[in-house]
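# Fold and geometry: a report
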Amino acid sequence: MPNRVLQRLSLVLAIVMLSVWGVILIVDPHLIAGYFSVEPVNQAFAGMMGAALLGLAFISLAGVTRWLETPRALGVAMAILVVETAYLMLGSGDMLVTLPTTISLVTAAAVAFFLLV
């Protein structure tokens, strides 16, 4: 029984940690950049990493609570990446709009759509 409690606690801590780091990397990566590197912050990499961490937290939360099927949770995680990528490419201009990034964005949007329907 105590093993199950510790397992649940570790799952909750992992989800919280992934969510907090993901949000910080998206909202203000300069806040934590000094903990990792002395190089300048790359907004595109920080935003994509933050979106990936948020997606992983969402998939983990859905898997643990079973309130959403895994394919749909993956679809939501992909949608988070699509929204963040679209913002970085078209909103803030931090990510270059090139053929590979555009193809990846369209492919991710299609995957998210088909996993959610």
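About the cut-offs
Residues numbered from 1 in each chain as written. Predicted model: local features only at pLDDT ≥ 70, side-chain atom pairs only at ≥ 80, totals over all residues. Heavy atoms only, no water. Helix = DSSP H or I, 4+ residues; strand = E, 2+ residues; numbered from the N terminus. Expected span 1.5 Å × (residues − 1). Buried < 20%, exposed > 50% of the residue type's maximum accessible area, 1.4 Å probe, protein only. Arc of directions from axis to C-beta. Contact = heavy atoms within 4.5 Å. Core = buried A, V, L, I, M, F, W, Y, C linked by side-chain atoms within 4.5 Å. Axes fitted to C-alpha atoms, helices over the stretch in contact; angles between N-to-C directions. Parallel < 35°, antiparallel > 145°, perpendicular 65-115°, else oblique. Left-handed = near helix turned anticlockwise from the far one by under 90°. Nonpolar A, V, L, I, M, F, W, Y, C, P; charged D, E, K, R; others polar.

Between its terminal C-alpha atoms helix H5 (residues 99–116) stretches 26 Å, which fits the 26 Å expected from 18 residues at 1.5 Å a residue. Those residues of H5 that sit buried are Leu105, Ala108 and Ala112. The arc that holds the buried residues of H5, viewed along the axis, is 70°, so those residues lie on one side. Looking at H5, the residues exposed on the side facing more than 90 degrees away from the buried face are Leu99, Pro100, Val106 and Phe114. Buried residues along H5 sit in contact with helix H4 (70–91).

So, about the nonpolar core. Counting residues in hydrophobic clusters, the biggest one holds nine residues: Ala44, Met78, Val82, Leu88, Met89, Met95, Leu105, Ala108 and Ala112. Element by element, the count of residues in this core is highest for H4, at four residues. When sequence neighbours within four positions are dropped, the list of residues in contact with methionine 95 reads Ala44, Met48, Thr85, Leu88, Met89 and Thr101.

The next thing to look at is the packing of H4 against H5. How two helices sit against one another is set out by the angle between their axes and by the gap between those axes. Running from N to C, H4 and H5 cross one another at 150°; their axes reach a closest spacing of 8 Å. Classified by the interaxial angle, the pair formed by H4 and H5 is roughly antiparallel. Crossing hand, H4 versus H5: left-handed. Contacts between H4 and H5 involve Pro71, Arg72, Leu74, Gly75, Val76, Met78, Ala79, Val82, Thr85, Ala86 and Met89 on the former and, on the latter, Thr101, Thr102, Leu105, Ala108, Ala109, Val111, Ala112, Leu115 and Leu116. For the contact of H4 with H5, a count of residues per class yields 15 nonpolar, four polar and one charged.

A few words on the environment of serine 19. With respect to the element layout, serine 19 can be found in helix H1 (residues 2–27). Through-space distance from the C-alpha of serine 19 to that of alanine 57 is 5.9 Å; in sequence the pair is 38 residues apart. Setting aside its immediate chain neighbours within four residues, serine 19 contacts Leu54 and Ala57.

Orientation of helix H3 (residues 43–65) relative to H4, taken along the N-to-C sense of each, is 165°, at an axis distance of 8 Å. Here H3 is positioned roughly antiparallel relative to H4, judged by the angle of their axes. The chirality of how H3 crosses H4 is right-handed. Across from Gln43, Ala44, Gly47, Met48, Ala51, Ala52, Leu54, Gly55, Phe58, Ile59 and Ala62 in H3, the residues of H4 making contact are Ala73, Leu74, Val76, Ala77, Ile80, Leu81, Glu84, Thr85 and Leu88.

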